[in-house]
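Structural overview for review
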Amino acid sequence: MKRFAALHRALDETKGAAEREALLVAYFREVPAEDAAVAASLLAGPRPRRAVSPAELRACAAETAGLPEWLVEESRQAAGDLAETVAHLLENVAGEREWPLHRLVAERLLPLGAAKGEAKRALLLATWRDLPADQHLLWNRLVVGTFRPPVKADQVARTHAIAIGGEMPAPLAAAPDEQPPPHAHTVEAILVYAQRGAGEASSHYVDYTFALWHEGELVPIAKASGGLPVAEAEELDRWVRRNAVEKFGPVRRLRPELVFEVGFDGVQASGRHKAGLTLRAPRVLRWLRGRTAEDVASLASLRELLDRS
Amino acid sequence: MSAVSIHASRAPLLEVTPQGLFCAAGGFHVDPWAPVARAVITHGHADHARRGSAVYLATPSALPVLRVRLGADAMLEALPFGERRRIGEVEVSLHPAGHLLGSAQVRIAHRGEVWVVSGDYKTDPDPTCEPFEAVRCDTFITESTFGLPVFRWPAQAAVFEEIVEWWRGNAAVGRASVVFAYALGKAQRLLAGVDAVAGAREIGPLVVHGAVRVCIDAYRAAGVELAAVAAATELSREELSRALVIAPPLAQGSPWMRRFPRASTAFVSGWMRLRALRKQRRVERGFVLSDHVDWPGLLAAIEATGASRVGVTHGFTAPLARFLREERGLEAWTLATRFTGEAGAEETAEEALPA
C-alpha cells in the first residue's frame, strides 16, 4: 500500500503521458507480482464496488474524531472531497503497519463491503489505526468508491505488459452496470450558493447550488456548473459578487432572488441531503429572468417524481 | 447572516455598523471599512487598514507598514503593547496577536466589562513578530479564517525544510524556485524560516519582488533583522537559476515572471492544506504555512481568554459559532463582515481567500 499510495500521489502531480507511463512501469517492476496484479486491476478498472457508503464513512469518522457529524459535513463542503476530509480529520489516528496491497484488498477492502454495522465500523477503524497517515486518502477513496484512476486503462495495460508481460489480471468485484438514461425532466429552482470553478474558471463563480421551498425554508436540491451563454455567465458572476450575503471559503451564499430552469435525468432518494433526494445529472438550462423566488414550486413537486420512479 | 445581537443587560460594547466594528462608549472603530473619525487598527493588511480616517491608533512596530499603506499624510498614533489609554469612556490597550509584525488584539474595558477583538492571529511562534498573548476577557471577537477541523498545521520547521529541499532540487537542475506568498507578513516569515535551515544559504541567492521588498524595509525600520535579499535585476542569469524567489501571488502569470523562464513554482498558504485549492493555484508545489491560527489553535485560544461570549468573524463563521454553542456551551454568534455594495468591497473580501 505504501508504494501504491506513493504512485498515486506521483501520478496526481505529473502531467505528461510519457512521465506517467514511466512511473507505472517503474512501479510494476518494483513491487511483488501479487501487488502488481491488484494495482493493475484497480488502475485499469472497472472500479470495485464501494465498500462503505459516504454516510457510513462520515459517521464513523465523526465518532472516531470526536466531532459532530454536521461539522464533518461542513468540512467536506469546504474540501470538496469526503475521503480527503476524513484523512485530515483522522491525521492523528494512524499507524505504521506496512500492508501489502493485495492483502489489504483481500483482508480489509473486500470484507468491508460484506460487513455490517458494528463489525464494519470496527474493520474501518482498525485499518485507519494500521495505515500511516499519508495512505489514508487513497484508502478512504477506495472504500467509499471515489477512487478515480489517474491514468487510462490502455496505459495501464501497455505499461503492465512492458514491465511484467502476459495477460492483464482480472478485475476485482465490479460495480453494477450503469442504468440506461431515463428521459429528462426540468425544474425551476432558486440560486442560493455560488462557488468559483476549478482550473480555467477559478476566478469566476460558475458552480451553482439551487434550492426549492420546503416548509418556508430553502432546501438545496442540486449543484450544477456552467451551462449559461458566456455573456450571461459573466453577468451572473458580477451579480454574485454584489449579492453575496455570506462566505464560506470559496463559496458565497446569495440573496435568494434569481430563478433558473434546471434539467435533470431523474430523482434519487438520499438520506444524506436535507431535501431527502438528489437530482441525477443536473444541468443549468436557462436563466428565468421574469420569475421571482416566490414563483417557484415547492420540494413536494420533486418528491412526487421520486414516488413515481 | 445574523446581525450582532447580545441579550445582555446593557448595550454591547461593540456593534457592527456600516463602517465596521464600532465602540460607542469610546467613540472609535476597530479596523473600519470606511473613513471614520478615529480608527484603532489591528494590523496593516488591506482588509484591516483602509485609507481615509482622520486618526489611526496602532502599535509602534506596526507604524512603518501602516505609513506605506495609509499614505504620507495619514495621522498615525502609537500605543505601545500593554499600555492602557483612556478613549472616551473606555480604557483601550493593545496586545500581541502574532499575525505579523506589530499586529494587535484590542482590549476594551468599560465599567468592569472586558471585550477583546482578536484581529487576525496565530499562536505558532514566528521570529519576525511579537508572540501571541492570551488576554482574559468576558467577550472575545475571534477571526475564523481556518475555522474548520480539517485545518491543522504541520510543524513549521518541517515545512521550511521541505521548502529548502525543493529549492535545492531545483537549483541542482538550474531552475529558479519561485514561491508565491503574501507580501506583508508571510514573505518575511518565510525568509526568516528558510534562512534558518542549515545549509540553505549555500544553495543560491534570495531574491524578492519589489512588493515584498517594501515590506522587508518596513520590518527592518521597526528593528527586525532579516537575511540579505537581492532584486532580480541585480543578478546574472546563472545566479537567478539557483535563486529562491519570493513574490506576491499577483506576480503569478505577470511579465515579471519572464525573468525566470524555467522556474518551478510554489504557493505558501494555509489553503494549500486542501488538494482542490492546490490544484486551483496551478503551481508545482503547495506548502502549508499560515499566519492564521488553525482549528486546534482557535479552540485553545478561545478557551484561554476565559470568555463566555464569543463573536465569530472573518471566515468559517457559522460552523465555528455553532460548534462553540453546541459543543462548548458558550454564547457564540457570527458577526457580519463587509459583504455588499461599495466599490472595492469585493477585492477586500477576496484577500483572505486563495484566489
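Residues numbered from 1 in each chain as written. Chains lettered and ligands numbered in written order. Predicted model: local features only at pLDDT ≥ 70, side-chain atom pairs only at ≥ 80, totals over all residues. Heavy atoms only, no water.

Brief notes about the confidence of the model for chain B
Residues and elements named next belong to chain B. Which entries qualify depends on this criterion: The pLDDT value expresses, per residue, how confident the predictor is, ranging between 0 and 100. In this description, contact between two residues means that some pair of their heavy atoms is separated by no more than 4.5 Å.
In this model, chain B carries an average pLDDT of 91, and 92% of its residues clear a pLDDT of 70 or more. Low pLDDT, under 50, characterises residues 1-8; the stretch is placed with 21 contacts to residues that sit more than four places away or in other chains. When the criterion is pLDDT under 50, residues 339-355 qualifies, and its contacts beyond four places in sequence or with other chains add up to 41 contacts. The complex model carries a pTM of 0.76, and its ipTM stands at 0.90.

Side note on the nonpolar core
Cut-off, in case you're wondering: Grouping buried Ala, Val, Leu, Ile, Met, Phe, Trp, Tyr and Cys residues that are joined through side-chain atoms within 4.5 Å yields what is termed a nonpolar core. Accessibility here uses a 1.4 Å probe with only protein chains present; expressed as a share of the type maximum, an area under 20% marks a residue as buried, one over 50% as exposed, and anything in between as partly exposed. Per the convention used, a helix needs a DSSP run of H or I reaching at least four residues, while a strand needs a run of E reaching at least two, with both numbered from the N terminus. Segmentation into domains, and thus their bounds, comes from an automatic or database assignment.
One finds Y121, F151, F260 and L324 of chain B to be the most contacted residues of the largest nonpolar core, which totals 63 residues. For this core, the elements supplying multiple residues, two or more each, are α5 (69-79) of chain A together with β10 (113-117), β12 (177-180), β14 (244-247), α7 (295-305), β17 (309-315) and α8 (317-328) of chain B. Per-domain counts for this core show at least three residues from each of domain 1 (4-150 + 291-341) and domain 2 (156-287) of chain B. Ranked by size, the runner-up nonpolar core spans 44 residues in total, among them A5, L24, V25 and L142 of chain A.

Here we look at the packing of aromatic side chains
For clarity, the cut-off: Centre distance within 6.5 Å is the pairing criterion for rings of Phe, Tyr and Trp, where only the six-membered ring of Trp is used; planes under 30 degrees apart are then read as stacked, over 60 as edge-to-face, and the remainder as tilted. Charge over a ring is defined by NZ of Lys or CZ of Arg lying within 6 Å of the ring centre and within 35 degrees of the ring normal.
Scanning all chains against the criterion turns up 19 aromatic pairs over all chains. Following the ring pairs from residue to residue traces out a cluster consisting of F146, F151, W153, W271 and F316 of chain B. Its end group placed over the ring of W99 of chain A, R97 of chain A keeps NZ or CZ at 4.1 Å from the ring centre.

Here's the deal with the environment of V212 of chain B
All names here are of chain B. Assignment of secondary structure puts V212 in helix α4 (residues 210-221). Sequence separation between V212 and A247 is 35 residues, and the spatial gap between their C-alpha atoms is 6.6 Å. In this structure, V212 is in contact with A183, A187, Q188, I246, A247 and P248, ignoring residues within four places of it in sequence.

Remarks on the sheet that holds strand β4 (residues 38-40) of chain B
Residues and elements named next belong to chain B. For clarity, the cut-off: Each pair of strands is called paired provided DSSP finds at least two bridges between the two strands. For every element, the axis is a line fit to its C-alpha atoms; helices are fit only across the contacting stretch, and the angle between N-to-C directions ranges from 0 to 180 degrees.
Spatial strand order, β1-β2-β3-β4-β5-β6: six strands in an open sheet with mixed pairing. Here the strands that pair on one side only, and so sit at the sheet edges, are β1 (15-17) and β6 (76-78). Averaged over all neighbouring strand pairs, the angle between strand axes comes to 35 degrees, with direction disregarded. Summarising the sheet, β1 and strand β2 (residues 20-23) pair through three bridges and their orientation is antiparallel. Looking at the pairing, T17 lines up with G20 of β2. In the packing of helix α1 (residues 63-70) onto the sheet, the strands contacted are β5 (55-58) and β6, and the crossing angle to β6 comes to about 170 degrees.

Re the interface of chain A and chain B
Our working rule: In this description, buried area is defined as the sum, over both parts, of the accessible area (probe of 1.4 Å) that is lost when the two are combined. Any Lys or Arg side-chain nitrogen found within 4 Å of a carboxyl oxygen on Asp or Glu counts as a salt bridge. N or O atoms within 3.5 Å of each other form a polar contact, as long as, within protein, one can give a hydrogen and the other can take it, and as long as residues adjacent in sequence are counted only when both atoms are side-chain atoms.
Taken together, the contact between chain A and chain B spans 35 residues of the former and 31 residues of the latter. Roughly 3000 Å² of surface becomes buried between chain A and chain B when both sides are summed, with 53% attributable to carbon and sulfur atoms. Contact with chain B buries surface across chain A, with W70, H88 and K247 of chain A losing the most and accounting together for 20% of the total. Across the chain A-chain B interface, the total number found is three salt bridges. Note that R275 of chain B and D12 of chain A form a salt bridge whose closest N and O atoms lie 2.6 Å from each other. Where chain A touches chain B, the interface holds six residue pairs in polar contact (both at pLDDT 80 or more). For the side of chain A that touches chain B, the secondary structure elements donating two or more residues are α5, α6 (82-89), α11 (230-243), β4 (244-248) and β5 (251-254) of chain A.

A closer look at the pairing of β14 of chain B
All names here are of chain B. Of the two faces of β14, the one carrying L244 and I246 and the one carrying V245 and A247 are both buried. As defined by bridge partners, β12 adjoins β14 across four bridges and the pair is classed as parallel. Bridged to V179 within β14 is I246.

Regarding the state of the cysteines
All names here are of chain B. Note the cut-off: Counting rule for disulfides: a pair of cysteine sulfur atoms within 2.5 Å.
Counting across every chain of the model gives zero disulfides over all chains. Not engaged in a disulfide, the cysteine C129 finds its nearest cysteine sulfur in C215; these two sulfurs lie 14 Å apart. A relative accessible area of 9% means that C129 is categorised as buried. Residue C137 stays outside any disulfide, its sulfur separated by 14 Å from that of C23, the closest cysteine.

Some remarks on α7 of chain B
Residues three or four positions apart in an α-helix share a direction because the helix packs 3.6 residues into each turn. All buried positions along α7 of chain B are accounted for by W295, G297, L298, L299, A301, I302 and T305 of chain B. Residues of α7 of chain B that are buried make contact with α5 of chain A together with β11 (139-144), β17 and α8 of chain B. The backbone nitrogen of G297 of chain B lies 2.9 Å from a side-chain oxygen of the residue at the head of α7 of chain B, namely D294 of chain B. Remark: G306 of chain B follows α7 of chain B within two positions and exhibits a positive phi of approximately 70 degrees.

Examining the packing of helix α2 (residues 17-30) of chain A against helix α10 (residues 153-163) of chain A
A pair of packed helices is captured by two measures, namely the crossing angle of their axes and the spacing between those axes. Residue and element names in this part refer to chain A. Our working definition: Note that the term roughly parallel is reserved for angles under 35 degrees, roughly antiparallel for angles over 145, roughly perpendicular for angles of 65 to 115, and oblique for everything else. Less than a right angle of anticlockwise turn of the near helix away from the far helix marks a crossing as left-handed, whereas a clockwise turn marks it as right-handed. Only Asp, Glu, Lys and Arg are considered charged, only Ala, Val, Leu, Ile, Met, Phe, Trp, Tyr, Cys and Pro nonpolar, and every remaining residue, Gly among them, polar.
Running from amino to carboxyl end, α2 crosses α10 at an angle of 45 degrees, the nearest separation of the two axes being 9 Å. For the element pair α2 / α10, the angle class is oblique. Of the two elements, α2 crosses α10, and the hand of that crossing is right-handed. Judged by residue contacts, A17, E21, L24, V25, F28 and R29 of α2 engage Q155, V156, R158, T159, H160, I162 and A163 from α10. Class assignment of the residues belonging to the contact of α2 with α10 gives a composition of seven nonpolar, three polar and three charged.

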